[in-house]
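Descriptive analysis of the structure
Listed below are the residues making up each chain.
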Amino acid sequence: MDIITRSVKSKAVEILSTLVSFPVLGGESNSAIAEWIESYLTEHGIVFKNVHDPKENKRSIHCRIGPAVDGGVVLSGHMDVVPVEGQPWNTDPFVLTDGGDDKWYARGSCDMKGFIACCLAVLPDMIRADLKKPIYFAFSYDEEIGCLAGDALAKDIIEYYSERPQFAIIGEPSMLQPVVGQKGIVIYKTTVNGSAGHSSRIRNEVSAIHEASRLILWLEEKMNTLIDAGHVDYRFDPPHTSIHCGKFLQSGIAPNVISDQATFYWDVRVIPKDKASNILADFTLYCRELEGKNKKRFPDFHISTIESHPDVPPLDTPDHLDVVKLIRKISETETLSTVSYAAEAGQFSAAGFETVICGPGDIAQAHRANEFVSNLQLGKCVAMLLRLVDISCA
Ligand SMILES: [Zn+2]
């Protein structure tokens, strides 16, 4: 590590220790951490823009460094973290702790305040440099509870600036390996309304539990049918779209009473070639078929499905795009990979950015006790961003 990289990395550690001291969980107000970042930007003379959530107690931040010309790069990260309750932490999760093993421990150190800290630490170099292409920061909230802010943030950047930024680098933990593919996810909630009655009359009434069970098995069959029809993508593990019911709300009141309502949640994690909306459309057709059959016995029989978490689209960035050339150059890594976790990358891609994921730390450390990011990864991330500054001056 050269002397400049080392001093910027020290600055990144200092900033990281402040960022992790704001225990902003997904779903909570992020005002405290947003205010700190905003005042840091203001101190450096950077004008920023907020994208508020409808209740106004949460906000994303974006800003531009450099000239208002097309072809800039957005560096994006989320400010929220996951909870620590029930996890066996050896240190205070909201105090950045030097483990003496070249690792920095804290909630969010890896996922993903480490990346944000590196961006902010490199800011003075970005300002000093004679940038010919702009660099943008885009920091979101509520990523950890379903990427709730990414879509609006990406679209606001496109609308707000007169010039057109071209690339987005999402700094999710990838050990600084360029990631070009990611599965999408959507969660649905389905409610079945049947008719109550004595259990002996099961052939006269319509049990909501029985009909809901048919629907869940249909979903499993749908997944298998897609696999059999060749809907696979071996860049992912598992290589297919998964459909799964993980929560069946307590239904029914007694063993001898036919249940009149059943609710279940199911998630769909799509490979890029599949669309959750197509699966939902087929599911809805099957629901209509069941309704037609059961309305003969119970005219008010009804099945409804809503999105319980918004559709987070997959990422599928083709190798030939310029963003791949860019990330290979600045990360000094040729190999491209894919991930099965959901992130805001698909949302930036859908908004029109050429998008990749590349950030410090290992996703294996995320969301668990004693989360850490290594000194080496922070140093490499700073070096990557300094290379981006260099390239943006050409
Ligand atoms: Zn994350």
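Conventions we followed
Residues numbered from 1 in each chain as written. Predicted model: local features only at pLDDT ≥ 70, side-chain atom pairs only at ≥ 80, totals over all residues. Pairing = 2+ DSSP bridges. Helix = DSSP H or I, 4+ residues; strand = E, 2+ residues; numbered from the N terminus. Axes fitted to C-alpha atoms, helices over the stretch in contact; angles between N-to-C directions. Expected span 1.5 Å × (residues − 1). Buried ≥ 20, exposed ≤ 12 C-beta atoms within 10 Å, placed from the backbone. Arc of directions from axis to C-beta. Contact = placed C-beta atoms within 7 Å. Domains from an automatic or database assignment. Parallel < 35°, antiparallel > 145°, perpendicular 65-115°, else oblique. Left-handed = near helix turned anticlockwise from the far one by under 90°. Nonpolar A, V, L, I, M, F, W, Y, C, P; charged D, E, K, R; others polar.

Before going further, it helps to spend a moment on the sheet that holds strand S11 (residues 242–248). Taken in spatial order, the 4 strands line up as S11-S13-S9-S14 in an open sheet, and their pairing is antiparallel. Unpaired on one side and paired on the other, S11 and strand S14 (302–312) mark the two borders of the sheet. Between one strand and the next, the sheet's axes are offset by a mean angle of 20 degrees, whatever the strand orientation. Summarising the sheet, strand S9 (residues 184–193) and strand S13 (residues 261–270) pair through 10 bridges and their orientation is antiparallel. Note that in S13 the partner of Ile-187 across the bridge is Asp-267.

A few words now on helix H2 (residues 31–43). Helix length check: H2, at 13 residues, gives a terminal C-alpha distance of 18 Å against a target of 18 Å (1.5 Å per residue), a fit within 8%. Burial in H2 covers these residues: Ile-33, Ala-34 and Ile-37. For H2, the arc enclosing every buried residue in end-on projection is 100 degrees, short of the 170-degree limit, so these residues lie on one face. Among the exposed residues of H2, those pointing more than 90 degrees away from its buried face are Glu-35, Ser-39, Thr-42 and Glu-43. Looking at the buried positions of H2, the neighbouring elements they touch are helix H1 (3–20), strand S2 (59–65) and strand S6 (135–140). At the C-terminal side of H2, Gly-45 shows a positive phi close to 75 degrees.

Further remarks concern the domain arrangement of the protein. Under the domain assignment used here, the protein contains domain 1 (3–182 + 314–392) and domain 2 (184–311). Computed from C-alpha atoms alone, the centre-to-centre distance between domain 1 and domain 2 is 37 Å.

Direction vectors running N to C along H1 and helix H3 (residues 113–128) enclose 130 degrees, while the axes themselves pass 8 Å from each other. As far as their axial angle goes, H3 and H1 are oblique. The interaxial crossing formed by H1 with H3 has right-handed handedness. Contacts between H1 and H3 pair Val-8, Lys-11, Ala-12, Ile-15, Leu-16, Leu-19 and Val-20 from the former with Lys-113, Gly-114, Ile-116, Ala-117, Cys-118, Leu-120, Ala-121, Val-122 and Asp-125 from the latter. Classifying every residue of the contact of H1 with H3 gives 12 nonpolar, 1 polar and 3 charged.

Position of Pro-124 relative to the elements: it lies in helix H3. Overall, Pro-124 belongs to the exposed group, with 12 C-beta atoms counted inside 10 Å. A sequence separation of 266 residues divides Pro-124 from Asp-390, and the C-alpha atoms of the two residues are 13 Å apart.

Taking strand neighbours across the sheet as the criterion, the 3 strands line up as S4-S5-S18 in an open arrangement whose pairing is antiparallel. Each having just a single partner strand, strand S4 (97–98) and strand S18 (372–374) make up the two edges of the open sheet. Sheet topology places strand S5 (residues 103–105) next to S18; 3 bridges connect them, and they run antiparallel. The residue of S18 that forms the bridge with Lys-103 is Ser-374.

Following the sequence through the fold, Met-223 ends up in helix H5 (residues 208–228). In the structure, Met-223 is positioned 17 residues away from His-240 in sequence and 8.4 Å away in space, judged by C-alpha atoms. Not counting chain neighbours up to four residues away, the residues in contact with Met-223 comprise Thr-241, Ser-242 and Ile-243.

Orientation of helix H7 (residues 322–331) relative to helix H9 (residues 375–392), taken along the N-to-C sense of each, is 125 degrees, at an axis distance of 8 Å. If you check the angle between H7 and H9, you find them oblique. Between H7 and H9 lies a crossing of right-handed hand. Contacts from Lys-329, Ile-330 and Ser-331 of H7 reach H9 at Met-384, Arg-387, Leu-388 and Ile-391. Of the residues belonging to the contact of H7 with H9, the class tally is 4 nonpolar, 1 polar and 2 charged.

The step from Asp-111 to Met-112 runs through a cis peptide bond, and the omega angle for that step is -15 degrees. Looking at the secondary structure, you find Met-112 in the loop between S5 and H3. That bond from Asp-237 to Pro-238 is cis: its omega, -5 degrees, falls within 30 degrees of zero. By secondary structure assignment, the location of Pro-238 is in the loop between H5 and S11. Its identity is not glycine, yet Cys-147 carries a phi of approximately 50 degrees, on the positive side. Residue placement: Cys-147 occurs in the loop between S6 and helix H4 (150–160). Phi angles above zero are rare outside glycine, and Asn-370 is one such case at about 55 degrees. Mapped onto the elements of the fold, Asn-370 is located in the loop between strand S17 (354–357) and S18. Residue Asn-370 is classed as partly exposed on the basis of its C-beta count, with 18 C-beta atoms lying within 10 Å.

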